[in-house]
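The lines below spell out each chain.
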Amino acid sequence: MPPDPALAAVRRAVSPLDHRIEAVTGQDVATLWAYRDRGVLDEPHAHLVDRHRELAVARTSVTWLKLLTACPSGESPTDTALYERVDQLEEAADARDATARRVLAALEPVEPAAAAPVAEERSRSLPTARRHFSPSLAGSSSTSIC
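Residues numbered from 1 in each chain as written. Predicted model: local features only at pLDDT ≥ 70, side-chain atom pairs only at ≥ 80, totals over all residues. Heavy atoms only, no water.

## Some details on the pattern of salt bridges
And step 1. As enumerated under the stated definition, the model contains six salt bridges in all.
And step 2. As a salt-bridge pair, Arg36 and Asp50 come within 2.9 Å of each other at their nearest N and O atoms. Residue Arg36 is found in helix α3 (residues 29–38), and its partner Asp50 is found in helix α4 (residues 43–69); the two are separated by 14 residues along the sequence.
And step 3. Note on Arg36: relative accessible area 29%, which makes it partly exposed.
And step 4. The exposure class of Asp50 is partly exposed, given its relative accessible area of 21%.
And step 5. The partner of Asp97 in a salt bridge is Arg96, with the nearest N and O atoms 3.1 Å apart.
And step 6. Relative accessible area serves as the criterion here: at 32%, Asp97 is assigned to the partly exposed category. (Salt bridge = Lys/Arg side-chain N within 4 Å of Asp/Glu carboxyl O. Helix = DSSP H or I, 4+ residues; strand = E, 2+ residues; numbered from the N terminus. Buried < 20%, exposed > 50% of the residue type's maximum accessible area, 1.4 Å probe, protein only.)

Here it is as structure tokens:
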């Protein structure tokens, strides 16, 4: 049975940083991961995707351990195992947070590069607009103010 197109259109966030990554790169996370698998990304973007994948794994570990710690049975062996899981949860949360910091660090060199074309386009459009300014449009026959 083919997948439901309505469900396929629903995107799932891998991390809270997805929106920043997508805004900077202009691509959704799934597409970036596919590009990384094909080896078509430049070094900064490949580094960013690699760190993002690490973050996804770390977040999954934290979620899984949260589920395990939420299901104690009250028996002594379970209580012992629960305390071990809580320690693992703390370690996993620390690893997740460290990985999120690495994603942000990998995002830093990509963000200015993404903003540069926009700023460059704005700076080019102003002189172009001035060059095409005609005094006749302003209702004057004097020389151009540019």
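Here the narrative resumes.
## Overview of the environment of Arg36
And step 1. For the pair Arg36 and Val49, spaced 13 residues apart in sequence, the C-alpha separation works out to 7.0 Å.
And step 2. When near neighbours in sequence (up to four residues on either side) are disregarded, Arg36 contacts Leu41, Ala46, Val49, Asp50 and Arg53. (Contact = heavy atoms within 4.5 Å.)

## Concerning a negative patch on the surface
And step 1. On the surface, Glu84, Asp87, Glu90, Glu91 and Asp94 cluster together to form a negatively charged patch.
And step 2. Note that Asp94 resides in helix α5 (residues 76–107).
And step 3. Accessibility expressed as a relative area gives 52% for Asp94, which makes it exposed. (Patch = residues over 30% accessible without salt bridge, like charges linked within 9 Å, V, L, I, M, F, W, Y side chains within 5 Å. Areas by Shrake-Rupley, 256 points an atom, 1.4 Å probe, with all protein chains shown as cover. Lys, Arg positive; Asp, Glu negative; His and termini not counted. Charge placed at Lys NZ, Arg CZ, Asp CG, Glu CD.)

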